[in-house]
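Below are the chains, spelled out letter by letter.
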Amino acid sequence: MISIKSEYEIQLLKIAGNIVYQAHQYIKDKIKPGITTKELDSLIESFIRSKDATPSFKGFEGFPNATCISINEEVVHGIPKNRKLKEGDIVSIDIGACYKGYHGDSAWTYKVGKITKEKEYLMYHTEQSLMKGLEQVKPNNRIGDISNAIEEYAVAHNLGVVKELVGHGVGNSIHEDPDVPNYGKKNTGPILKEGMVLAIEPMLTLGSPEIVMKEDNWTIETEDYSPSAHYEHTVVVTKDGYKILTGVLENGKERHN
Ligand code: MG
Ligand code: MG
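Since the model is a prediction, treat every value here as computed from it, not as a measurement.

Colleague: I would appreciate a short explanation of the coordination of the magnesium ion (ligand 1) in the present structure.
Modeller: Tetrahedral metal sites with four donors have an ideal angle of 109.5 degrees; octahedral sites with six donors have ideal angles of 90 or 180 degrees. Each protein donor to the magnesium ion (ligand 1) is listed here as Asp94 (OD), Asp94 (OD), Asp105 (OD) and Glu232 (OE); together their distances run 2.0 to 2.5 Å. Taken in sequence order, the residues that donate to the magnesium ion (ligand 1) follow the motif D-x10-D-x126-E. In this structure the magnesium ion (ligand 2) is found 3.1 Å away from the magnesium ion (ligand 1), and Asp105 serves as a bridging donor for the pair. Here Glu232 lies in the loop between strand E13 (228-230) and strand E14 (233-237) and Asp94 lies in strand E4 (residues 90-99), a separation of 138 residues in the sequence. The two residues Asp94 and Glu232 agree in class, both being buried.

Shown next as structure tokens:
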């Protein structure tokens, strides 16, 4: 069942989303060659806790850390560890925070120093695919309109769409109905209504979209080791469109990037 949030719930979701946004702001300058993903995770966890919130992913289905940090060919669910970032990496950081029982969820891919043109291309167009999906969020559109917009944009730019992993509703749980796939047909799926809260999160690849699970049973990476990017916002459906709860858009461009 897809829940419609009350005004009070949306206020709490806004606070949770804003804590996630601030956590991204806080960490982005610390992403440099030499820092470990575990150090980034600890900094983000302390930041979230300093805002009277808790990290949504810690313990969720047994996940051991506060954040998911995935490097290069890793798509999602990377476990923070003692691996150091190095010049030329791209790193996707997925952050969830829970405030008074309500969650925010946002992932962003960052570059580490100077990266290849191919990785720049992947990052830019994956972010743009998220924006294309967001443009479809308004009452009476359907989930399939979001999915189709993301897929069409990705395909037009020769990027692979990971199909096994999808966006989702957000509320009292970090993952609620409905699923929001990054591929699909227009005018299909649940109808969007004011007060629904969705996490939209394209995961695109430079090569094959096929994925495999690593030995740690969490980290998902591309089968062909091609790089992958991941951009995610939590949004609320409003009377005539949407509002991003986990960030700020200015002229169609995310402010923090
Ligand atoms: Mg996420
Ligand atoms: Mg999510």
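Colleague: What is the right way to look at a negative patch on the surface in this model?
Modeller: On the surface, Glu164, Glu210, Glu223 and Asp224 cluster together into a patch of negative charge. Of the residues examined, Glu210 reaches a relative accessible area of 41% and is grouped as partly exposed.

Colleague: It is not clear to me how the coordination of the magnesium ion (ligand 2) should be interpreted in this structure. Could you clarify?
Modeller: Looking at the magnesium ion (ligand 2), one finds its protein donor set to be Asp105 (OD), His168 (NE2), Glu201 (OE) and Glu232 (OE), positioned 2.0 to 2.2 Å from the metal centre. Look at where the donors of the magnesium ion (ligand 2) fall in the sequence and you get D-x62-H-x32-E-x30-E.

Colleague: Please explain unusual backbone geometry as it appears in this structure.
Modeller: The omega torsion of the bond from Asp177 to Pro178 falls at 0°, within 30 degrees of zero and hence cis. Along the chain, Pro178 falls in strand E8 (residues 176-180). If you check the backbone angles, Asp52 has positive phi at about 60° while not being a glycine. Relative to the elements of secondary structure, Asp52 occurs in the loop between helix H2 (37-50) and strand E1 (54-55). Given a relative accessible area of 67%, Asp52 falls into the exposed group. If you check the backbone angles, His77 has positive phi at about 65° while not being a glycine. Relative to the assigned elements, His77 resides in the loop between strand E3 (74-76) and E4.

Colleague: When you look at the sheet that holds E3 in this model, what are you seeing that I'm missing?
Modeller: Through backbone hydrogen bonds, the strands of a sheet pair up, either in parallel or in antiparallel fashion. Spatially, the 3 strands line up as an open sheet ordered E3-E12-E11, and their pairing is antiparallel. Strands at the two margins of the open sheet, each flanked by one partner only, are E3 and strand E11 (211-213). Strand-to-strand twist across the sheet, computed as the mean angle between neighbouring axes with direction ignored, equals 40°. Pairing of E11 with strand E12 (residues 220-222) involves 3 bridges; the strand directions are antiparallel. From the neighbouring strand, Met213 faces E12, where its bridge partner is Ile220.

Colleague: What is the right way to look at the side chain of Glu232 in this model?
Modeller: Within the buried core, Glu232 has no salt-bridge partner, and the shortest N-O distance to an opposite charge, that of Lys5, equals 13 Å. Those residues in contact with Glu232 that sit more than four places away from it in its chain are Asp94, Asp105, Ser106, Ala107, Trp108, Leu130, His168, Ala199, Ile200 and Glu201.

Colleague: Please explain the sheet that holds strand E9 (residues 197-200) as it appears in this structure.
Modeller: Strand order in this open sheet of 5 strands is E8-E7-E9-E14-E15, and the pairing throughout is antiparallel. Edge positions in the open sheet fall to E8 and strand E15 (242-244), since each of these has one partner strand only. Within the sheet, the average angular offset between the axes of one strand and its neighbour, ignoring direction, is 25°. Two elements, strand E7 (residues 167-169) and E9, share 2 bridges in a ladder whose sense is antiparallel. Opposite Gly169, over in E9, you have Leu198 as the bridge partner.

Cut-offs and rules
Residues numbered from 1 in each chain as written. Chains lettered and ligands numbered in written order. Predicted model: local features only at pLDDT ≥ 70, side-chain atom pairs only at ≥ 80, totals over all residues. Heavy atoms only, no water. Donors = N, O, S within 2.8 Å, 3.2 Å for Na, K, Ca; no water. Helix = DSSP H or I, 4+ residues; strand = E, 2+ residues; numbered from the N terminus. Buried < 20%, exposed > 50% of the residue type's maximum accessible area, 1.4 Å probe, protein only. Patch = residues over 30% accessible without salt bridge, like charges linked within 9 Å, V, L, I, M, F, W, Y side chains within 5 Å. Areas by Shrake-Rupley, 256 points an atom, 1.4 Å probe, with all protein chains shown as cover. Salt bridge = Lys/Arg side-chain N within 4 Å of Asp/Glu carboxyl O. Lys, Arg positive; Asp, Glu negative; His and termini not counted. Charge placed at Lys NZ, Arg CZ, Asp CG, Glu CD. Pairing = 2+ DSSP bridges. Axes fitted to C-alpha atoms, helices over the stretch in contact; angles between N-to-C directions. Contact = heavy atoms within 4.5 Å.

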